[in-house]
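# Summary of the model geometry
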Amino acid sequence: MWPLLSALLDLIAPRDCAACGESSTRGLCPECRGLLEPPGARVLSGAPVLAAATYRAPLSRAIQRFKYEARPDLAEPLASLIGLDALKHASREPGTLFVPVPLHRSRLAERGYDQAALLAGALARSAGRRSSARALCRVRPTLQQARLDESKRRENVVGAFAPSSGERLGGRPVVLVDDVITTGATAVACLEALRAAGARVVAVACIALASR
């Protein structure tokens, strides 16, 4: 029984630092937390960005583990780095929906989980709201944004996202969620798709914001 209970506890609340792997029950150990750099203020297409920190080590290492090393359990501790007060303020309107930037089904099959959907679920629970991974869909596969320059990133995601029939978005307040915002091209493409469906995007939430 105890090995099973221990495995369940590790899944719900990992006991290692998301960045360095040292023992920690708070997502990031005190040493790694002390190295986080506050993000600058940023607005994307009229929506304020809520970010935990700047995209640099050690947080960048934690996000890489989360996305590429089969660590979906890191969603909760990474989401907890975003200030709860700012999150609740952004989602203060009743019915606010947390919507993740979607993965294409081919990438989802390769990775086995949608990291932005896991983050959206964790953030929505913290704010006492609901998330929906069905509100947006990626209608075509795209190249990995990290491999492209800024102009190519914008071209890469043009027309890549569309609202789905899974949620009624007309007039609804929405918080868009992704793991990292770099140039903002992907987020802006999603904002355009959400607004085309009548949603009111009140904020963009992410774990890390790349410095300009």
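Reading guide: rules and limits
- Residues numbered from 1 in each chain as written.
- Predicted model: local features only at pLDDT ≥ 70, side-chain atom pairs only at ≥ 80, totals over all residues.
- Heavy atoms only, no water.
- Helix = DSSP H or I, 4+ residues; strand = E, 2+ residues; numbered from the N terminus.
- Buried < 20%, exposed > 50% of the residue type's maximum accessible area, 1.4 Å probe, protein only.
- Contact = heavy atoms within 4.5 Å.
- Areas by Shrake-Rupley, 256 points an atom, 1.4 Å probe, with all protein chains shown as cover.
- Pairing = 2+ DSSP bridges.
- Polar contact = N/O pair within 3.5 Å; in protein donor to acceptor, adjacent residues only side chain to side chain.
- Phe/Tyr/Trp six-rings, centres within 6.5 Å; stacked < 30°, edge-to-face > 60°.
- Core = buried A, V, L, I, M, F, W, Y, C linked by side-chain atoms within 4.5 Å.
- Expected span 1.5 Å × (residues − 1).

Okay, the overall build of the chain next. Across its full length, the chain holds nine helices and eight strands. Taken over 212 residues, the chain has a buried fraction of 48%. Considering only intrachain contacts with a sequence separation of at least 6, the fraction spanning at least 24 residues in the chain is 73%. Entry remark: accessible area of the chain is about 10,600 Å², with carbon and sulfur atoms responsible for 55%.

Before going further, it helps to examine the sheet that holds strand 2 (residues 47–54). Sheet architecture is open: six strands sit in the order 1-2-8-7-3-4, paired in mixed fashion. Two strands in the sheet have a free side with no partner beyond their single neighbour: strand 1 (43–44) and strand 4 (130–131). Pairing of strand 3 (residues 97–100) with strand 4, which is carried by two bridges, proceeds in the parallel orientation. Opposite Phe98, over in strand 4, you have Ser131 as the bridge partner.

Next up on the list: the side chain of Asp16. The residue Asp16 is located in the loop between helix 1 (2–12) and helix 2 (30–34) in this model. At 3.3 Å, the side chain of Asp16 and the side chain of Arg71 are in polar contact. Ignoring anything within four residues of it in the chain, the contact list for Asp16 reads Gly21, Glu22, Ser23, Ser24, Gly27, Arg65 and Arg71.

This brings us to the environment of Ala120. Structurally, the position occupied by Ala120 is in helix 7 (residues 115–127). Along the backbone, Ala120 and Phe98 are 22 residues apart, and their C-alpha atoms lie at a distance of 5.7 Å. For Ala120, the contacting residues outside a window of four places in its chain are Phe98, Pro100, Ser131 and Val177.

Inspection of the entire model under this criterion finds one aromatic pair. Centroid distance Phe66 to Tyr113: 6.4 Å. Interplanar angle 35 degrees. Geometry classified as tilted. With Phe66 in helix 3 (residues 59–68) and Tyr113 in the loop between helix 6 (105–111) and helix 7, this pair connects stretches of sequence that are 47 residues apart. Owing to a relative accessible area of 1%, Phe66 belongs among the buried residues under this scheme.

The tendency in soluble globular proteins is for nonpolar side chains to be buried side by side. Counting residues in each nonpolar core, the largest one holds 36 residues, and the members touching the most others are Leu28, Leu59, Leu78, Phe98, Leu119, Leu123 and Val177. Looking at this core, the elements with two or more residues in it are strand 2, helix 3, helix 4 (75–79), helix 5 (84–90), helix 7, strand 7 (173–181) and strand 8 (200–209). Here this core takes six residues from helix 7, the largest share from any one element. Excluding residues that lie within four positions of it along the chain, Leu78 makes contacts with Ala18, Leu59, Ala62, Ile63, Phe66, Leu119 and Ile207. The next biggest cluster of nonpolar side chains, apart from the first, holds 26 residues, and it includes Ala135, Ala187, Ala189 and Ala193.

Given a rise of 1.5 Å per residue, 13 residues ought to cover 18 Å, and the 19 Å separating the end C-alpha atoms of helix 7 matches this to within 8%. Within the sequence span of helix 7, burial applies to Gln115, Ala116, Leu119, Ala120, Gly121, Ala122, Leu123, Ala124 and Ala127. One side-chain oxygen at the N-terminal end of helix 7 lies 3.1 Å from the backbone nitrogen of Ala116; it belongs to Asp114. Looking one or two residues past helix 7, Gly128 carries a phi angle of roughly 75 degrees, positive in sign.

The subject of this paragraph is the side chain of Lys67. With respect to the helices and strands, Lys67 occurs in helix 3. There is a polar contact of 3.1 Å between the side chain of Lys67 and the side chain of Asp179. Leaving out residues up to four positions away in the same chain, Lys67 has contacts with Arg111, Tyr113, Gln115 and Asp179.

This brings us to unusual backbone geometry. Looking along the chain, the bond that leaves Ala57 and enters Pro58 is cis, with omega of 10 degrees. Following the sequence through the fold, Pro58 ends up in the loop between strand 2 and helix 3. Unusually for a residue other than glycine, Ser45 sits at a positive phi of about 50 degrees. Note that Ser45 resides in the loop between strand 1 and strand 2. Owing to a relative accessible area of 39%, Ser45 belongs among the partly exposed residues under this scheme. The backbone of Ala70 sits at a positive phi, close to 55 degrees, despite the residue not being glycine.

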